[in-house]
Amino acid sequence: GFCALIYQAVWLREFRLLFGASTLANSAVIAIFMGGLGFGGIFFGRRVELDKNPLKLYAGLELGISAWIALYPLLMGITQSAYIASGGIQNLGTIGGTLLRLFLATLVLGPPTFLMGGTLAAAGKAVETDDDANRTRVALLYGANTLGAVLGVVLTTFWFLEIFGCRTTLFFAGAINLLLGGIAWKTARDQVIQAFSDRVTEADEGDEGDKSQPTASTVPGENDGDEAEAPFYQTMIYGFLGLAGCAFFLMEVV
């Protein structure tokens, strides 16, 4: 969360230098940023349920974000050259210029924000346990993510940009993603090794019979109805949440 809001604050300022400080330019960056998070959450939210090691998936997402940030100067240079060569709004008009802005900003911001959208889903799945019926750990994780985002935007706006500038601040956040990804990758690897060791120990103790017990996914009829259409009230909740998000960012843009 800390890094994500650093990126948003920096990208808003960098694209203002290229596209101008108009409402259309700012809205394009915010829309792509949030769209990437949303689609990433949907895509990886489904995948994480099937992943046997969600912490490893989380590590891969963090490392992918860091790698994309390392390429950012090159990508931004290409974007700048393409936009200047097109003549911008003066040559393409308001509609054409806006569409080009959206396209170029999507090329630069789409992939990293898409990966960011999956990090919370993967981390949430990694901390889930059967004895945490109230999902307290997931709630704490979400709270920590939100507070980190607040800290990121405050420090970036009032300190980092003033002292270090846009690119150094961006690389600083990328280095944090790299560190987080490395730690998560090692932790996930250690968990796999520990789980394998535990299975070997159980086998040595003669507990192999437990492995033949049917799991929830193999018991006939137990998972029937999982693919059924969501109840109407769930659809309403999704709609209300979507409207709330729409209202929130309308206020931010205004």
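Refer to the structure presented above.
About the criteria used
- Residues numbered from 1 in each chain as written.
- Predicted model: local features only at pLDDT ≥ 70, side-chain atom pairs only at ≥ 80, totals over all residues.
- Heavy atoms only, no water.
- Helix = DSSP H or I, 4+ residues; strand = E, 2+ residues; numbered from the N terminus.
- Buried < 20%, exposed > 50% of the residue type's maximum accessible area, 1.4 Å probe, protein only.
- Contact = heavy atoms within 4.5 Å.
- Phe/Tyr/Trp six-rings, centres within 6.5 Å; stacked < 30°, edge-to-face > 60°.
- Salt bridge = Lys/Arg side-chain N within 4 Å of Asp/Glu carboxyl O.

Section: the overall build of the protein
- Helix and strand counts for the protein come out as seven helices and zero strands.
- The linear arrangement of helices and strands in the protein, starting from the amino end, is α-α-α-α-α-α-α.
- Split into buried and exposed, the 254 residues of the protein put 30% on the buried side.
- Taking all contacts inside the protein whose residues are at least 6 apart in sequence as the whole, residues at least 24 apart take part in 77%.

Here we look at the packing of aromatic side chains
- Per the counting criterion, the structure on display carries 11 aromatic pairs.
- With a centroid separation of 6.5 Å and 90 degrees between ring planes, the pair formed by Phe-2 and Phe-160 is classed as edge-to-face. Here Phe-160 lies in helix H5 (residues 136-163) and Phe-2 lies in helix H1 (residues 2-19), a separation of 158 residues in the sequence. Residue Phe-2 shares its accessibility class with Phe-160, and that shared class is buried.
- Among the aromatic residues, ring-to-ring pairing joins Phe-2, Trp-159, Phe-160, Phe-164 and Phe-172 into one connected group.

As for the pattern of salt bridges
- Taken as a whole and judged by the stated rule, the model has four salt bridges.
- The salt bridge involving Lys-125 is made with Glu-128; its shortest N-O contact spans 3.6 Å.
- Exposure remark for Glu-128: the relative accessible area of 32% places this residue in the partly exposed category.
- Salt-bridge contacts for Lys-186 lead to Asp-190; the nearest nitrogen and oxygen are separated by 3.0 Å.

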